[in-house]
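# Descriptive structure summary
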Amino acid sequence: MDLNLEDMGDLSKMGPVELLYHLADTLLGTVEKQIESPMRLLSDFIESVTWSEPFILGLIIFQVVVLAGVLVSRRKLVLQVVWFVFIAVSVFFAEPLNNWGRQNWPRFSTQNYFDRNGLFAMIFFAGPLLLIANVILVNLSVRTMVLAIRVSRMKMRAQATSTETNAQTNGHDKTD
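The structure presented is a predicted model; accordingly, all values stated were derived computationally and were not measured. (Residues numbered from 1 in each chain as written. Predicted model: local features only at pLDDT ≥ 70, side-chain atom pairs only at ≥ 80, totals over all residues. Heavy atoms only, no water.)

## Focus: the overall build of the chain
Inclusion rule: Strands are runs of DSSP state E lasting at least 2 residues, helices are runs of H or I lasting at least 4, and numbering of each runs from the N terminus. Partly exposed residues are those whose accessible area sits between 20% and 50% of the maximum for their type, while under 20% is buried and over 50% is exposed, using a 1.4 Å probe and protein chains only. Here, residues are in contact when the closest pair of their heavy atoms is within 4.5 Å.
In terms of helices and strands, the chain carries five helices and zero strands. Reading the chain from its N terminus to its C terminus gives the helix and strand order α-α-α-α-α. Out of the 176 residues in the chain, the part that is buried amounts to 20%. For the chain, the share of sequence-separated contacts (at least 6 apart) that also reach a separation of at least 24 residues comes to 63%.

Right, here's the structure in full:
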């Protein structure tokens, strides 16, 4: 954060409250400028993408299909693991896919979205897949917790039944 002391005026003439307000205004103005720049870049990026292009629509449909597949198969452990491995392998190959796209973009796109750093591949391909992978992890964590609770309840019931059985057996032995 760059604070320009020349813009602060004569600080000695300000009271403590005025000085505090002035400092807060200056800091907030600087923070607004810092936030405005990335938001403008994001806005420019969104405007530069041709959303009706078949390639972009295909990527979006791919992400929706993967998410739908994960959600539909949320109760099937093996399918969740298969989806997770598929996502991991896909993200692993994001860089080679980006390089291939950079060399062959005229075949399937109207403009070159593929930079050397792979920003487009991260935003449109790997990023959404990683979010979907997190959905899988949360689902598996919840399923693990539910299973742990069921096992604990079963153990408690078994212990209670065992205690009852022992009490009844010991009670009958004493009357004989």
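The rest of the description comes next.
## Describing helix α3 (residues 77–92)
Spacing of three or four residues puts side chains on the same side of an α-helix, whose turn is 3.6 residues. Threshold: Every helix has an expected span of 1.5 Å times one less than the residues it contains. Working note: the arc is built from the helix axis to C-beta atom directions.
Helix length check: α3, at 16 residues, gives a terminal C-alpha distance of 22 Å against a target of 22 Å (1.5 Å per residue), a fit within 8%. When α3 is considered as a whole, its buried residues turn out to be Q80, I87 and S90. Here the buried residues of α3 occupy an arc of 90° about the axis, which is enough to place them on one side. Exposed side chains of α3 directed beyond 90 degrees from the buried face belong to V78 and F92.

## Here we look at the nonpolar core
Grouped burial of nonpolar side chains is what soluble globular proteins tend to show. Just so we agree on the cut-off: The criterion is simple. A nonpolar core is a set of buried Ala, Val, Leu, Ile, Met, Phe, Trp, Tyr and Cys residues joined through side-chain atoms within 4.5 Å.
By size, the foremost hydrophobic cluster in this structure holds 18 residues, and its most contacted members are F55, I56, I87, Y113 and F120. Elements that contribute at least two residues to this core include exactly α2 (54–72) and α5 (119–175). Among the elements that line this core, the one with the most residues is α5, at eight residues.

## Side note on a nonpolar patch on the surface
Applied cut-off: Exposure above 30% relative accessible area and the lack of any salt bridge qualify a residue for a patch; like charges then connect within 9 Å, and the nonpolar side chains Val, Leu, Ile, Met, Phe, Trp and Tyr within 5 Å. We get accessible surface area from the Shrake-Rupley algorithm with a probe of 1.4 Å; when it comes to residues, only the shown protein chains can shield them. Any carboxyl oxygen of Asp or Glu within 4 Å of a side-chain nitrogen of Lys or Arg constitutes a salt bridge here.
Taken together, the side chains of V31, I35, M39, L42, I46, W51, L57, I60, I61, V64 and V65 define a hydrophobic patch exposed on the protein surface, amounting to about 970 Å² of accessible area. For the nonpolar patch, the secondary structure elements donating two or more residues are α1 (16–48) and α2. Checked against the element boundaries, L42 lands in helix α1. Using a relative accessible area of 43% as the deciding quantity, one classes L42 as partly exposed.

## Things to note about the side chain of E53
Where we set the bar: We count Lys and Arg on the positive side and Asp and Glu on the negative side, and we leave His and both chain ends out. Residues adjacent in sequence count toward polar contacts only when both atoms are side-chain atoms; beyond that, a polar contact is any pair of N or O atoms within 3.5 Å, and within protein one must be able to donate a hydrogen and the other to accept it.
Mapped onto the elements, E53 comes out in the loop between α1 and α2. For the buried residue E53, which engages in no salt bridge, the nearest side chain bearing the opposite charge is R107, 14 Å off. Within the structure, the side chain of E53 is placed 2.5 Å from the side chain of S109, a separation counted as a polar contact.

## Looking at a positive patch on the surface
To be explicit about the condition: To locate a charge, the coordinates of NZ of Lys, CZ of Arg, CG of Asp or CD of Glu are taken.
Together, R74, R75, R143 and R150 make up a positively charged patch on the protein surface. Locating R75 in the fold gives a position in the loop between α2 and α3.

## Digging into the packing of aromatic side chains
Two aromatic rings are characterised by how far apart their centres lie and by the angle between their planes. Operational definition: For Phe, Tyr and Trp, where Trp contributes only its six-membered ring, two rings pair if their centres lie within 6.5 Å, and the inter-plane angle classes them as stacked under 30 degrees, edge-to-face over 60, or tilted in between.
In total, this model carries 14 aromatic pairs according to the counting rule given. Here the aromatic rings of F55 and F108 are separated by 4.9 Å at their centres, their planes lie at 55°, and the arrangement is tilted. With F55 in helix α2 and F108 in the loop between α4 (94–104) and α5, this residue pair connects regions lying 53 residues apart in the sequence. Residue F55 is classed as buried on the basis of its relative accessible area, which comes to 18%. Looking at F108, the relative accessible area reads 25%, which means it is partly exposed. On the basis of an interplanar angle of 55° and a centroid distance of 5.8 Å, the ring pair of F55 and F114 is categorised as tilted.

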